[in-house]
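So you can see what is in the structure, the chains are spelled out below.
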Amino acid sequence: MSVFAVEYVYVADTESIRDEHRPAHREFLAGLVADSDGIALVASGPYVDGSGALLLIAAPSQAALAERLAKDPFAINGTIAVLRMTEWSPVTGELAHHA
């Protein structure tokens, strides 16, 4: 199991679309729990400036995570300009047990 830092960079001027789909997006995120596919949300939240968000997600592979994130309502509705996934190793602090 790996932890991935996932960065969403939002398409400019999509605030109203994100507002419309935010409840479904948050429901989607709440559904990222370690189930049969092993994907589990560790933490997530938007950047204060509204330009995007950071998600920390444990997953068995980057491919499995990419497949799941394609189902995010924000992705489906075209609000994400850039989605960057980087495998991350939290070696100290409160999240170290995910490494």
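This text goes with the structure placed above it.
Residues numbered from 1 in each chain as written. Predicted model: local features only at pLDDT ≥ 70, side-chain atom pairs only at ≥ 80, totals over all residues. Heavy atoms only, no water.

**Some remarks on the sheet that holds strand S2 (residues 40-46)**
Then, in step 1: The strand order across the open sheet formed by four strands is S2-S3-S1-S4, and the pairing between neighbours is antiparallel. Strands at the two margins of the open sheet, each flanked by one partner only, are S2 and strand S4 (80-88). Taken over all neighbouring pairs, the strand axes of this sheet differ in orientation by 15° on average, direction set aside.
Then, in step 2: Of the strand pairs in this sheet, strand S1 (residues 2-10) and strand S3 (residues 52-59) are connected by eight bridges, and their pairing is antiparallel. (Pairing = 2+ DSSP bridges. Helix = DSSP H or I, 4+ residues; strand = E, 2+ residues; numbered from the N terminus. Axes fitted to C-alpha atoms, helices over the stretch in contact; angles between N-to-C directions.)

**Brief notes about helix H1 (residues 15-30)**
Three- or four-residue spacings in an α-helix give side chains the same orientation, since the helix completes a turn every 3.6 residues.
Then, in step 1: Its 16 residues place the ends of H1 21 Å apart at the C-alpha level, agreeing with the 22 Å of an ideal helix rising 1.5 Å per residue.
Then, in step 2: Its maximal kink placed at His 21, H1 deviates by approximately 55°, while the proline Pro 23 follows within four residues.
Then, in step 3: Looking at H1, one finds that the buried residues are Arg 18, His 21, His 25, Phe 28 and Leu 29.
Then, in step 4: Packing partners of the buried residues in H1 comprise S1, S2, S3, helix H2 (62-69) and helix H3 (73-76). (Expected span 1.5 Å × (residues − 1). Bend = angle between axes of the 7 residues up to and from the residue. Buried < 20%, exposed > 50% of the residue type's maximum accessible area, 1.4 Å probe, protein only. Contact = heavy atoms within 4.5 Å.)

**Brief notes about the side chain of Thr 79**
Then, in step 1: Mapping Thr 79 onto the fold places it in the loop between H3 and S4.
Then, in step 2: At a separation of 3.0 Å, a polar atom in the side chain of Thr 79 contacts the main-chain carbonyl oxygen of Phe 74.
Then, in step 3: Not counting the four nearest positions on each side in its chain, Thr 79 is found in contact with Val 9, Tyr 10, Val 11, Thr 14, Ile 17, Arg 18 and Phe 74. (Polar contact = N/O pair within 3.5 Å; in protein donor to acceptor, adjacent residues only side chain to side chain.)

**Here we look at the pairing of S3**
Then, in step 1: Burial runs high along S3: seven of the eight residues are buried.
Then, in step 2: Where S2 lies against S3, six bridges are found, and the strand directions are antiparallel. Bridge pairing in S3 places Leu 41 opposite Ile 57.
Then, in step 3: With antiparallel pairing between neighbouring strands as the criterion, S2 and S3 make up a hairpin whose turn holds five residues, including Gly 50 at a positive phi of roughly 80°.

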